[in-house]
Amino acid sequence: MNVFDFIIRNRAEVLQLTLEHLTLVAIAMTLAVVIGVPLGVALTRRQALERWVLGAANVIQTVPSLALFGFLIPVPLIGGIGGRTAVVALTLYALLPIIRNTYVGITGVDPAVIEAARGMGMTDGQLLWQVEIPLSLGVILAGIRVATVICVGVATIAAAIGAGGLGMYIFRGVAMVNNQVILAGAMWYARARLGGAAAELRLAGPSRLPRQPRAPDRRRLEEFHRANRTRRAAGAGI
């Protein structure tokens, strides 16, 4: 029996494990985005915390996945055998690219655009939502794509702690010394990984990526800024 016959005969179980794998990734990525993007924005406002937050995220990223699962299992509330520990570990692994890209994207916005927006009277909230986030959205989405690929890969190891997913076939095949079972898990894992990456690429396609303002737009903003200052100076003189 070759690997394709095995997949056809066990298609119900293969589909169930695929859904478990994608569910782990979806929950972890949702939590990582909810935590990582606001944290990255906060670092742009308090840059003194950048060293500590990014340093902690880098340390977590260097911990091997099995070791991180082992550290989390005895922790109350979030630990234990099963999907809960896997979701926490995947969320921690996904934080670094999301926080880093959010921080880099926002701090990389052209200072002239920010100065022009402040000259137009924008508040900090308006500056963030109407200028900084739209201009840095492409970089933020790139971080989310990288985090998604990391989560899909690490979720395979989560089968070792009973979290399910496509890694079950790989571990089962190694225990049984069965190449067909190993290949079945590897093939469907690769398919899920490529599918997740393709979905993120479509999400950040060229038609949806924000574009930096063109030079004429920046000149008009700067001229408007200068005109405002001139009117204010004239009013003060009167």
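Each helix and strand counted, the chain has 10 helices and 0 strands in total. Along the chain, helices (α) and strands (β) appear in the sequence α-α-α-α-α-α-α-α-α-α when read from the amino end. Relative to all contacts within the chain whose residues are 6 or more apart in sequence, the contacts with residues 24 or more apart total 74%. Carbon and sulfur atoms make up 65% of the accessible area of the chain, which amounts to about 13,200 Å² in all.

To continue, consider the environment of P134. Counting through the fold element by element, P134 comes out in helix α7 (residues 124-157). You can call P134 partly exposed: its relative accessible area is 30%.

This brings us to the environment of V14. Summarising the element assignment, V14 is placed in helix α2 (residues 11-45). Here V14 falls in the buried class, since its relative accessible area comes to 1%. Between the C-alpha atoms of V14 and G165, which are 151 residues apart in sequence, the distance is 9.1 Å.

Turning next to the packing of helix α5 (residues 83-107) against α7. Relative orientation of the contacting elements α5 and α7 amounts to 155 degrees, with a least axis distance of 7 Å. With respect to α7, the element α5 is oriented roughly antiparallel. As α5 packs across α7, the resulting crossing turns out to be right-handed. The residue makeup of the contact of α5 with α7, split by class, is 17 nonpolar, 5 polar and 1 charged.

What follows covers the side chain of N101. When you line up the elements, N101 lands in helix α5. What N101 contacts, discounting residues up to four positions off in sequence, is V139, I140, A142 and G143.

The next subject is the confidence of the model for the chain. Mean pLDDT over the chain: 79, with 71% of residues reaching 70 or higher. Per-element confidence in the chain ranges from a low mean pLDDT of 54 for helix α9 (residues 179-203) to a high of 93 for α5. Considering only residues more than four positions removed or in separate chains, one finds that residues 203-216, a stretch of pLDDT under 50, has 16 contacts.

Take the packing of aromatic side chains next. Enumeration over the complete set of coordinates arrives at 0 aromatic pairs. R51 extends its terminal NZ or CZ atom over the ring of W52, reaching a point 5.5 Å from the ring centre.

A separate point is the nonpolar core. In this structure, M29, L90 and C151 are the most contacted members of the largest nonpolar core, which totals 31 residues. Elements with a contribution of two residues or more to this core: α2, α4 (65-72), α5 and α7. Once residues lying within four places of it in the same chain are set aside, the contact partners of L90 are L24, A28, C151, V154 and A155. Core analysis: the next-biggest nonpolar cluster, separate from the first, contains 7 residues, V109, A117, V131 and L135 among them.

What follows covers a nonpolar patch on the surface. Together, I27, L31, V34, I35 and L39 make up an exposed nonpolar region whose accessible area comes to about 400 Å². With respect to the helices, strands and loops of the structure, L39 is situated in helix α2.

Once that is clear, we can look at the pattern of salt bridges. The final tally for this structure, using the stated rule, is 2 salt bridges. As a salt-bridge pair, R45 and E132 come within 2.8 Å of each other at their nearest N and O atoms. Of this pair, R45 sits in helix α2 while E132 sits in helix α7, and the two are 87 residues apart along the sequence. The partner of R118 in a salt bridge is D124, with the nearest N and O atoms 3.1 Å apart.

Let us now look at the packing of α2 against α7. α7 packs onto α2 with a crossing angle of 145 degrees between their chain directions and a minimal axis gap of 9 Å. Between α2 and α7 the crossing geometry is right-handed. Along its contact with α2, which presents H21, V25, A28, M29, V33, V37, V41 and R45, the element α7 presents D124, L128, E132, I140, I144, A147, T148, C151, V152, A155 and T156.

The rules behind the values
- Residues numbered from 1 in each chain as written.
- Predicted model: local features only at pLDDT ≥ 70, side-chain atom pairs only at ≥ 80, totals over all residues.
- Heavy atoms only, no water.
- Helix = DSSP H or I, 4+ residues; strand = E, 2+ residues; numbered from the N terminus.
- Contact = heavy atoms within 4.5 Å.
- Areas by Shrake-Rupley, 256 points an atom, 1.4 Å probe, with all protein chains shown as cover.
- Buried < 20%, exposed > 50% of the residue type's maximum accessible area, 1.4 Å probe, protein only.
- Axes fitted to C-alpha atoms, helices over the stretch in contact; angles between N-to-C directions.
- Parallel < 35°, antiparallel > 145°, perpendicular 65-115°, else oblique.
- Left-handed = near helix turned anticlockwise from the far one by under 90°.
- Nonpolar A, V, L, I, M, F, W, Y, C, P; charged D, E, K, R; others polar.
- pLDDT = per-residue confidence, 0-100.
- Phe/Tyr/Trp six-rings, centres within 6.5 Å; stacked < 30°, edge-to-face > 60°.
- Lys NZ or Arg CZ within 6 Å of the ring centre and 35° of its normal.
- Core = buried A, V, L, I, M, F, W, Y, C linked by side-chain atoms within 4.5 Å.
- Patch = residues over 30% accessible without salt bridge, like charges linked within 9 Å, V, L, I, M, F, W, Y side chains within 5 Å.
- Salt bridge = Lys/Arg side-chain N within 4 Å of Asp/Glu carboxyl O.

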